[in-house]
Amino acid sequence: MTFLWPEMLFLLLLVPLLLGLYFWLLRRRKRMAVRYASLAMVREAMGPAQRMRRHIPPLLFLLSLILMLLAVARPAAVVTLPSMNETVILAIDVSGSMRANDVQPNRLAAAQAAARAFIEDQPQTTRIGVVSFAGTASLVQAPTRVKEDLLAAIDRFQLQRGTAVGSGILVSLKALIPEVEFDLQSDNPRPAKREGGARSLDKQVAQAQAPAQEFKPVAPGSYSSAVIILLTDGQTTTGPDPLESAKMAAERGVRIFTVGVGTVNGEILGEEGWSMRVRLDEDALKDIAKTTHAQYFYAGNATDLTNIYKSLNSRLVMEKKSTEITALFSAVAAFLALLAAGLSMLWFNRIL
């Protein structure tokens, strides 16, 4: 447990002073009992249990006061809470290398089956979108809560040439944050700033009418209402640099969980007189996940892939977060204070 205002913990120094004051009052009362015979007789009439009972309400009140002083310092702890993820984008590689059968029946079929199971397990409150990418990327299903539409989009996947992981990231990011701009034709996805005639007349008019808002990066992983799950099996062969694309997502706080499907050694595929080895670029996927404060998963077979999606599902539904728990301390303190007052009224007809 940590404290957001640790400097306020000095208030706990009041506790020993209150304990000293309490014991001083007890001694003062004892001296008065000795001075007055009637009070001494009452004290002798009280049994050990009765004498112990009189200390319980003050003890409860002292615990209540300690909790209230701790609450002033704003305590925080890592607790498991319902996730705030409202939108999940599944970005799935449909390049030709996904027909490799080192993951049975083949990489794409295993990815589709795992994605279907993931969609079925998601709560109704979560919107899911689907992006497919090969040489280019496209949003095949806008974020929706209709699972039938999502499953139909998964079933429509068709293998294509090329692998543009960066394009898959950027199109997924666009589905979450429509105002983001990028260049899919360049290795550097960040839009180039052109002047004068390089811009169309319509764009010049639009920029003149609406004042430009300067983009301000946020902390990586801070965008808690959406995530991207990127599944791919190979190295980038075209399109924007995946790491630069991931940095654009990180600047907007979006996490990208990466899933590498296939084998590290790869497999040789051949068609129409040519052959090539399709390898899994784990280092690139790890860098993407690390850049966005997410996590990389390796799926060497269909079972691993299904388990990864189950793990991601539980991770997205319930997450461990550092959360301020001042309200909890205050609530317990209030309960103990009320309990102390109630017991004192019940046993001694006074509040304390």
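Residues numbered from 1 in each chain as written. Predicted model: local features only at pLDDT ≥ 70, side-chain atom pairs only at ≥ 80, totals over all residues. Heavy atoms only, no water.

From N to C terminus, the protein chain includes twelve helices and eleven strands. For the protein chain, buried positions account for 38% of its 352 residues. Restricting the contact set of the protein chain to residue pairs at least 6 apart, pairs at least 24 apart contribute 79%. (Helix = DSSP H or I, 4+ residues; strand = E, 2+ residues; numbered from the N terminus. Buried < 20%, exposed > 50% of the residue type's maximum accessible area, 1.4 Å probe, protein only. Contact = heavy atoms within 4.5 Å.)

Of all the seven residues making up strand E4 (residues 127–133), six are buried; the element is thus mostly covered by neighbouring parts of the structure. In terms of strand pairing, strand E3 (residues 87–93) meets E4 through seven bridges, oriented parallel. What sits directly across from Ile 92, in E4, is Ser 132. Where E4 meets strand E5 (residues 137–144), five bridges bridge the pair, whose relative direction is antiparallel. Across the sheet, the residue bridging to Ser 132 is Ser 138, located in E5. Hairpin geometry of E4 and E5 is characterised by an intervening segment of three residues between the two adjacent antiparallel strands. (Pairing = 2+ DSSP bridges.)

Time to look at the environment of Met 345. As for its position among the elements, Met 345 is in helix H12 (residues 326–348). The exposure class of Met 345 is partly exposed, given its relative accessible area of 43%. In this structure, the C-alpha to C-alpha distance between Met 345 and Pro 57, residues 288 residues apart in sequence, is 9.6 Å. If we skip the residues at most four places from it in the chain, Met 345 touches Arg 350 and Ile 351.

On to helix H5 (residues 107–121). Counted at 1.5 Å a residue, the expected span for H5 with its 15 residues is 21 Å, and the 21 Å between its end C-alpha atoms agrees. Within H5, burial applies to Arg 107, Leu 108, Ala 110, Ala 111, Gln 112, Ala 114, Ala 115, Phe 118 and Ile 119. (Expected span 1.5 Å × (residues − 1).)

Bringing the sheet that holds strand E7 (residues 255–261) into the picture now. Within a sheet, each strand pairs with its neighbour through backbone hydrogen bonds, oriented either parallel or antiparallel. With mixed pairing, the six strands of this open sheet are ordered in space as E5-E4-E3-E6-E7-E10. Strands with a single pairing partner mark the edges of an open sheet, and in this sheet they are E5 and strand E10 (296–299). Taken over all neighbouring pairs, the strand axes of this sheet differ in orientation by 15° on average, direction set aside. As paired elements, E3 and strand E6 (residues 226–232) share six bridges and run parallel to each other. From the neighbouring strand, Val 88 faces E6, where its bridge partner is Val 227. Along the sheet face, H5 touches E3, E4, E6 and E7 and points at about 170° away from the line of E3. Contacts from helix H6 (residues 147–155) reach E3, E4 and E5 within the one sheet, and its direction differs from that of E5 by about 165°. (Axes fitted to C-alpha atoms, helices over the stretch in contact; angles between N-to-C directions.)

Before going further, it helps to examine unusual backbone geometry. Pro 105 follows Gln 104 through a cis peptide bond whose omega is -5°. Summarising the element assignment, Pro 105 is placed in the loop between E3 and H5. Its identity is not glycine, yet Arg 74 carries a phi of approximately 55°, on the positive side. As for its placement among the helices and strands, Arg 74 is situated in the loop between helix H4 (56–72) and strand E2 (75–82).

What follows deals with the pattern of salt bridges. Under the definition given, this model contains seven salt bridges. Ionic pairing is found between Arg 190 and Glu 251, a salt bridge with its closest N-O pair at 2.9 Å. Taken as a pair, Arg 190 in the loop between helix H7 (165–176) and helix H8 (201–209) and Glu 251 in helix H9 (residues 242–251) lie far apart in primary sequence, 61 residues in all. A relative accessible area of 29% means that Arg 190 is categorised as partly exposed. (Salt bridge = Lys/Arg side-chain N within 4 Å of Asp/Glu carboxyl O.)

A separate point is a nonpolar patch on the surface. On the surface, Leu 18, Leu 21, Trp 24 and Leu 25 cluster together into a nonpolar patch covering about 370 Å² of accessible area. Relative to the helices and strands, Leu 18 is located in helix H1 (residues 14–35). For Leu 18, a relative accessible area of 35% puts it in the partly exposed group. (Patch = residues over 30% accessible without salt bridge, like charges linked within 9 Å, V, L, I, M, F, W, Y side chains within 5 Å. Areas by Shrake-Rupley, 256 points an atom, 1.4 Å probe, with all protein chains shown as cover.)

A word on the side chain of Arg 252. Relative to the assigned elements, Arg 252 resides in the loop between H9 and E7. Contact partners of Arg 252, with chain neighbours within four places excluded, come to Leu 173, Ile 177, Val 180, Phe 215, Val 218 and Tyr 223.

Relative to the helices and strands, Ala 77 resides in strand E2. Note: C-alpha distance between Ala 77 and Met 1 (76 residues apart in sequence) is 4.6 Å.

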